[in-house]
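Residues per chain, in single letters:
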Amino acid sequence: MFRKDYIMRQYEEFGKFLGIVLGLKKEEKWLDLTALINTSALKYTKIEIEDAEKLKNAGLIETLTQKHGLEESNLKILADLLYEKGIGYSKLFKEKEANNNFEKAQIIYQDIKNSSLEVDFSLDMHFKLTALKQLLNHE
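Everything numeric here is computed off the predicted structure, so don't read it as measured data. (Residues numbered from 1 in each chain as written. Predicted model: local features only at pLDDT ≥ 70, side-chain atom pairs only at ≥ 80, totals over all residues. Heavy atoms only, no water.)

Attention now moves to the nonpolar core. Core analysis: the largest hydrophobic core is formed by 37 residues, its most contacted members being Leu64, Leu78, Leu81, Ile108 and Tyr109. At the level of elements, helix H1 (2–26), helix H2 (30–45), helix H3 (49–54), helix H4 (60–67), helix H5 (72–91), helix H6 (95–115) and helix H7 (123–137) are the ones that each hand at least two residues to this core. Of the residues forming this core, the biggest block, nine residues, is contributed by H5. Ignoring any residue separated from it by four or fewer positions in sequence, one finds Leu64 in contact with Ile47, Leu55, Gly69, Leu70, Leu75, Leu78 and Ile108. (Core = buried A, V, L, I, M, F, W, Y, C linked by side-chain atoms within 4.5 Å. Buried < 20%, exposed > 50% of the residue type's maximum accessible area, 1.4 Å probe, protein only. Helix = DSSP H or I, 4+ residues; strand = E, 2+ residues; numbered from the N terminus. Contact = heavy atoms within 4.5 Å.)

And the structure:
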């Protein structure tokens, strides 16, 4: 019961954080957006975003789960952060960095989709997977 309460509080806090991220996106403050993600990722995921960005795509899930101890909830948050930071990079015309983040987010979302039960289906994740396919096809 305590763990479930902790996870719910973490999701609520992350929801507030995403609200700030969305506000920065709306105001087109891309440098502030990427800086906020850089300073906040460890709090929600057990890994610094810059460290995640440096990981190889091959074996990404195994590295994140086995070496860094991320669980599915951490993986989902990390994918969200990589996605949002990728958007920021693309707005700053850093296409190589954007694509790197988009590819990692896609790998994580696809893994979660493949291993989750149908009742755990996330419309947001489905939308982002579709968007990532389109974003990565426009290289």
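What follows deals with the pattern of salt bridges. Inspection of the entire model under this criterion finds eight salt bridges. Between Lys25 and Glu84 there is a salt bridge whose closest N-O contact spans 2.8 Å. Of this pair, Lys25 sits in helix H1 while Glu84 sits in helix H5, placing them 59 residues apart in sequence. Judged by its relative accessible area of 21%, Lys25 falls in the partly exposed class. Residue Glu84 is classed as buried on the basis of its relative accessible area of 5%. Beyond isolated ion pairs, a larger network of salt bridges with shared partners links Lys76, Asp80, Asp124 and Lys128. (Salt bridge = Lys/Arg side-chain N within 4 Å of Asp/Glu carboxyl O.)

This part takes up H4. When we look at burial in H4, the residues that qualify are Leu60, Ile61 and Leu64. The buried residues of H4 occupy one face: seen down the axis, they fall within an arc of 100°. Summarising the geometry of H4, the exposed residues directed more than 90 degrees from the buried face are Gln66 and Lys67. Contact partners of the buried residues in H4: H5 and H6. Of the residues trailing H4, Gly69 is marked for its positive phi of about 70°. (Arc of directions from axis to C-beta.)

Turning to the packing of aromatic side chains, a few remarks are in order. With the rule as written, the count across this model stands at four aromatic pairs. Seen from their ring centres, Phe14 and Tyr44 are 5.1 Å apart, and the 65° between their planes marks the pair as edge-to-face. You can see Phe14 sitting in helix H1 and its partner Tyr44 sitting in helix H2, a full 30 residues away along the chain. Note on accessibility: Phe14 and Tyr44 belong to one class, buried. Taken together through their ring pairs, the aromatic side chains of Phe14, Phe17 and Tyr44 make up a single cluster. (Phe/Tyr/Trp six-rings, centres within 6.5 Å; stacked < 30°, edge-to-face > 60°.)

What is shown is where atoms sit, not what they do.
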